[in-house]
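Here are the chains, one letter per residue:
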Amino acid sequence: MLDRPIKKPLLTLGGDLKASFAVSKGRSIILSQYLGDLESYAVQESYKAALKRTMELYGFRPEAIACDKHPGYISGRLAKELSEKHHIPVVGIYHHHAHVASVMAEHGLTHTIGVAMDGTGYGKDGRIWGGEIFYVSGSNAERRSHIDYFTLIGGDEAARDAGKDLQCLMHAAGMEIDNPLIAAAMDEHINTFETSSAGRLFDIMAAALGLRTINTYEAECAIALENAAYDALRKGLTTYALPVTSDPAEMLYYIIKAKAKGSDVRELALGFHRMLSSWIIGECDRIREERADNNVCLSGGCFANRVLSEMCRVGLSTKGFHVYMNERIPGNDQGIAVGQAYILGLQ
């Protein structure tokens, strides 16, 4: 149940990964089950069938539709088809704003500092975002900080091949790499893209520490890095102190330098988590000084990492912030349909 009613019936289609949709009316947002990734034709058919059944079951007739702003998403194409069929408007909503708004919906917030950390999402500048800090007031989100952009090659393949991502960032940082094809592609900007993705950073650091180089399943490399950090905590090892920075090339330089000197990879994994959480806390503190707002919402798939989420939650709470996270709604992409509905409802 929402604290404030949504003025008109809304259909929100979420995104293409971990696809789900939501129907919203009055004080209720009803989120569908997890349906899978829409790149699969079978999932597309299941998605359409579930949507049809849900609308029939509730006698639901939306007056507006929202979808992810990504221009290539299948869910966006479906939104356009439904808009033309029912003669109702479509609103595109940016991915990371929806992540933050999913937390706001759960906790009845209308303003907050919002931190969204995940693998990928289309940004306002056309780049791939994923390490974002906003100030959100009502239905408006202002991007106030982010992980510095870094360049990768390979499109969607970058989410699988952490070893290649590592070589890209090493080359960008002026380090020698053993694959001349990657160096040439980077230099000539062949199939490259810029990103601020926290998810890819976790992959790269796992590869740099020799933990994993390929994601054979989603977030395998990031989980290996989290496990190494947790092992350091469990065994009382020292946190390796890394300089706090938003520059991925600088992060990697210090990690590789420390590993070459023989530092324990578990201490370095823990140090990376501490450095990233310290940067997040510091940026939230800076925004609070400007906006006089103690609310912070944490969302996105990277906060499934318990080491990172606890470091941020405890560190922010210690500084007097009111920290909110997803509790009933998934913090990954399955929850963004709820965020889309809440944003439309606040407009």
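Caption draft 1: Geometry of the packing of aromatic side chains. Under the criterion given, the structure shown has five aromatic pairs. Seen in terms of ring centroids, Tyr-94 and Tyr-122 are 6.5 Å apart; in terms of plane orientation they differ by 15 degrees. Their pairing is stacked. Within this pair, whereas Tyr-94 is found in the loop between strand 5 (90–93) and helix 3 (95–107), its partner Tyr-122 is found in strand 6 (residues 111–122), the two being separated by 28 residues in sequence. Above the ring of Tyr-149, the side-chain terminus of Arg-127 is found at 4.3 Å from the ring centroid. Here the basic side chain of Arg-143 rests over the ring of Trp-129, its NZ or CZ set 3.7 Å away from the ring centre.

Caption draft 2: Representation of helix 11 (residues 336–346) in the model. The element helix 11 is extensively covered by neighbouring structure, given that ten of its eleven residues are classed as buried. Residues Ile-336, Ala-337, Val-338, Gly-339, Gln-340, Ala-341, Tyr-342, Ile-343, Leu-344 and Gly-345 constitute the buried set of helix 11. Looking at the packing, one finds that the buried side of helix 11 touches strand 1 (6–12), strand 2 (22–26), strand 3 (28–31), strand 4 (64–68), strand 5 and helix 3.

Caption draft 3: Here's a closer look at the pattern of salt bridges. All told, the structure shown has 22 salt bridges when counted by the stated rule. The partner of Glu-106 in a salt bridge is Arg-328, with the nearest N and O atoms 3.7 Å apart. You can see Glu-106 sitting in helix 3 and its partner Arg-328 sitting in the loop between strand 12 (322–325) and helix 11, a full 222 residues away along the chain. The buried category is assigned to Glu-106, whose relative accessible area is 12%. Judged by relative accessible area, Arg-328 falls into the exposed class, the value being 63%. Between Glu-132 and Arg-143 there is a salt bridge; the shortest N-O distance is 2.6 Å. One end of the pair, Glu-132, is in strand 7 (residues 128–137); the other, Arg-143, is in strand 8 (residues 140–146), with eleven residues separating them in the sequence. Take Glu-132: its relative accessible area is 0%, and that puts it in the buried class.

What counts and how
- Residues numbered from 1 in each chain as written.
- Predicted model: local features only at pLDDT ≥ 70, side-chain atom pairs only at ≥ 80, totals over all residues.
- Heavy atoms only, no water.
- Phe/Tyr/Trp six-rings, centres within 6.5 Å; stacked < 30°, edge-to-face > 60°.
- Helix = DSSP H or I, 4+ residues; strand = E, 2+ residues; numbered from the N terminus.
- Lys NZ or Arg CZ within 6 Å of the ring centre and 35° of its normal.
- Buried < 20%, exposed > 50% of the residue type's maximum accessible area, 1.4 Å probe, protein only.
- Contact = heavy atoms within 4.5 Å.
- Salt bridge = Lys/Arg side-chain N within 4 Å of Asp/Glu carboxyl O.

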